[in-house]
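Notes for the structure review
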Amino acid sequence: MRVIIEPDYGKMSKWAADYVANRIIEAKPTAEKPFKLGCPTGSSPLGLYKELIKKHKAGELSFANVITFNMDEYVNLDQNHPESYHSFMWNNFFSHIDIKPENVHILDGNADDLVKECDDYEKAIRDAGGIDLFMGGVGPDGHLAFNEPGSSLTSRTRIKTLATDTIIANSRFFDGDLSKVPTQALTVGIGTVMDAKEVLLVCNGHHKARALKHIIDGDISHKWTASMLQMHPKAIVVCDEAACDELTVATYKYYLDKERGNL
């Protein structure tokens, strides 16, 4: 696992965006051989998306031959609802770049058959040739997508009932009303993410410090599902200083020295 420590959220987001952009450019995607990008939602990747949009508007980066697969979506929430992940992605990213609508894949939480929707999503990823780079964020409890503590580390795309803590945390997006928060979601599994050729996780803020400690400096555990990235051959965690508050001094210095070329 590669760990990048940046001074603040802005620099963390720029580093991550530079990496993603370079991987797309290096791949020289075409309509016949597109670049497949996994996308997260949430507050952590907003800076990353803004930086990618800047690159596109500056003429440095095109998404015309990029196919995206989002991590998750709420069940029984209208796609046009302002808090749906469909709305999030189009409002914060897709509407600002040149991606083709037919190349965007987001799970349908209103499908008639949710199990089939999940199975079809896995098939669509396989048919596309797998995901080249899966971006991700992480929750304070170390969850990746909606793979909350206790999720199988080999899980695939499926229906998940959300934990009470997640529902309470997400209520801030629903006027603080717990009754308005969806109680289920469709999510890619940890196994789905691990199948990607590369994974890039962004982690910022003191409230994520405990999670970061477990992800990069703890044992692999279903209690901290993002810790499974320790087993990925090409996983990168990009974090800011605040997220490093609970790392040991030795671990913190190790990763800084490694990036400086001192190790």
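For the structure, see preceding data.
A brief look at the structure comes next. Being a predicted model, the structure only gives us computed values, none of them experimental. (Residues numbered from 1 in each chain as written. Predicted model: local features only at pLDDT ≥ 70, side-chain atom pairs only at ≥ 80, totals over all residues. Heavy atoms only, no water.)

Here's the deal with the overall build of the protein
Short version of the rule: Secondary structure elements are taken from DSSP: a helix is a run of H or I of four residues or more, a strand is a run of E of two residues or more, and numbering for both begins at the N terminus. We compute the radius of gyration over the C-alpha atoms and compare it with the globule rule, which gives 2.2 Å times the number of residues raised to the power 0.38. Partly exposed describes any residue whose relative accessible area lies between the buried limit of under 20% and the exposed limit of over 50%, with all areas from a 1.4 Å probe on protein chains only and scaled to the type maximum. When checking whether two residues touch, look at their non-hydrogen atoms; a contact exists if any pair is within 4.5 Å. Methods summary: accessible areas were calculated by the Shrake-Rupley approach with a probe of 1.4 Å, and residue burial reflects only the protein chains presented. In this tally Asp and Glu are treated as negative and Lys and Arg as positive; neither His nor the chain ends contributes. To locate a charge, take atom NZ for lysine, CZ for arginine, CG for aspartate or CD for glutamate.
Each helix and strand in the protein was counted, giving 8 helices and 10 strands. Relative to the globule expectation of 18 Å for 263 residues, the C-alpha radius of gyration of the protein, 18 Å, shows essentially globular dimensions. Each principal axis of the C-alpha atoms in the protein carries an extent, and together these give about 55 × 45 × 35 Å. Taking all 263 residues of the protein together, 54% fall into the buried category. Nonlocal contacts in the protein, meaning residues at least 24 apart in sequence, comprise 78% of its contacts between residues at least 6 apart. As displayed, the protein offers around 11900 Å² of accessible surface, 50% of which is attributable to carbon and sulfur atoms. A gap of 5 Å separates the mean positions of the 29 positive and 37 negative side-chain charges of the protein.

With respect to the sheet that holds strand β4 (residues 72-74)
Note: strands within a sheet are paired through backbone hydrogen bonds, in either parallel or antiparallel orientation. Keep this limit in mind: What makes two strands pair is DSSP finding at least two bridges between them. Every axis corresponds to a line fitted to the C-alpha atoms, with the helix fit spanning only the stretch in contact, and the corresponding angles, defined between N-to-C directions, vary from 0 to 180 degrees.
Sheet architecture is open: 3 strands sit in the order β4-β8-β7, paired in antiparallel fashion. The sheet is open, and its two borders are formed by β4 and β7 (158-161), each paired with just one other strand. Across the sheet, the mean angle separating the axes of adjacent strands is 25° when strand polarity is ignored. Bridging between β4 and strand β8 (residues 184-187) involves 3 bridges; their strand directions are antiparallel.

What about the packing of aromatic side chains?
For clarity, the cut-off: Here a Phe, Tyr or Trp ring, Trp counted by its six-membered ring, pairs with any other such ring whose centre lies within 6.5 Å, and the pair is stacked when the planes are under 30 degrees apart, edge-to-face when over 60, and tilted otherwise.
If you walk through the whole model with that rule in mind, you get 11 aromatic pairs. Between Y74 and F146, the ring centres sit 5.9 Å apart and the planes meet at 50°, which makes this aromatic pair tilted. Of this pair, Y74 sits in strand β4 while F146 sits in the loop between β6 (133-136) and β7, and the two are 72 residues apart along the sequence. A single burial state applies to Y74 and to F146, both of which are buried. Ring geometry for W90 against F94: centres 5.2 Å apart, planes inclined by 70°, an arrangement best described as edge-to-face. The exposure class of F94 is buried, given its relative accessible area of 1%. The rings of Y49, F63, W90, F93 and F94 are connected pair by pair, giving a single aromatic cluster.

Re the nonpolar core
Rules: Nonpolar core, defined: a set of buried Ala, Val, Leu, Ile, Met, Phe, Trp, Tyr and Cys residues in which side-chain atoms within 4.5 Å join the residues together.
Core analysis: the biggest nonpolar cluster contains 43 residues, and F134, L212, I216 and C239 have the highest contact counts within it. Taken together, the elements giving at least two residues each to this core come down to β1 (2-6), β3 (66-70), α4 (114-127), α6 (190-194), β9 (198-203), α7 (209-217), β10 (235-240) and α8 (249-260). Formed by 41 residues, the second largest nonpolar core is a distinct cluster that contains A17, L37, L52 and L133.

Here's the deal with helix α1 (residues 9-27)
Basically, it comes down to this: Expected span of a helix, by definition, is 1.5 Å for each gap between consecutive residues, and there is one gap fewer than residues. Under this definition, polar contacts are N or O atom pairs within 3.5 Å; protein pairs additionally need one hydrogen-donor-capable and one acceptor-capable atom, and for neighbouring residues in sequence, both atoms have to be side-chain atoms.
The end-to-end C-alpha distance of α1, which contains 19 residues, comes to 27 Å, matching closely the 27 Å that a straight helix rising 1.5 Å per residue would cover. For α1, the full list of buried residues reads M12, S13, A16, A17, Y19, V20, A21 and I24. Where α1 begins, the side chain of D8 points an oxygen toward the backbone nitrogen of G10, at a separation of 3.2 Å. A positive backbone phi angle near 45° is found at K28, which sits one or two residues after α1.

Quick word on the side chain of D132
Within the element layout of this structure, D132 appears in the loop between α4 and β6. D132 gets classed as buried once you look at its relative accessible area, which sits at 13%. Within the structure, the side chain of D132 is placed 2.8 Å from the backbone nitrogen of K36, a separation counted as a polar contact. Of the polar contacts made by the side chain of D132, one reaches the side chain of K197; its length is 3.4 Å. If near-sequence neighbours (up to four positions away) are discounted, D132 is found in contact with P34, F35, K36, K197 and E198.

A few points about the pairing of β9
Test applied: With its strands directed away from the observer, a crossover is right-handed exactly when the path from the first strand over the helix to the second travels clockwise.
With 6 of its 6 residues buried, β9 lies for the most part within the structure. Summarising the sheet, β9 and β10 pair through 5 bridges and their orientation is parallel. Among the inter-strand pairings, L201 is bridged to a residue of β10, identified as V237. Crossover connection from β9 via α7 to parallel β10: handedness right-handed.

Here we look at the layout of surface pockets
Heads up, the rule is: In the cavity and pocket records, a cavity denotes points on a 1 Å grid over the protein atoms alone where a 1.4 Å probe fits but cannot get out, a pocket denotes an open set with protein on both sides within 12 Å along at least 5 of 7 lines, and lining residues are residues with an atom within 4 Å of a point. Grid points are joined across faces, edges and corners, and a volume is the space filled by probe spheres set on the points.
Of the volumes computed, that of the largest pocket is approximately 750 Å³. In terms of lining, the largest pocket is formed by 33 residues, of which the most central are G42, S43, H143, N170 and R172. Within the residue set of the lining of the largest pocket, elements represented by two or more residues are β4, α3 (85-92) and α5 (164-170). Ranked by the residues each element gives to the lining of the largest pocket, the list is headed by α5, at 4 residues.

Function-wise, these values are silent; they only describe arrangement.
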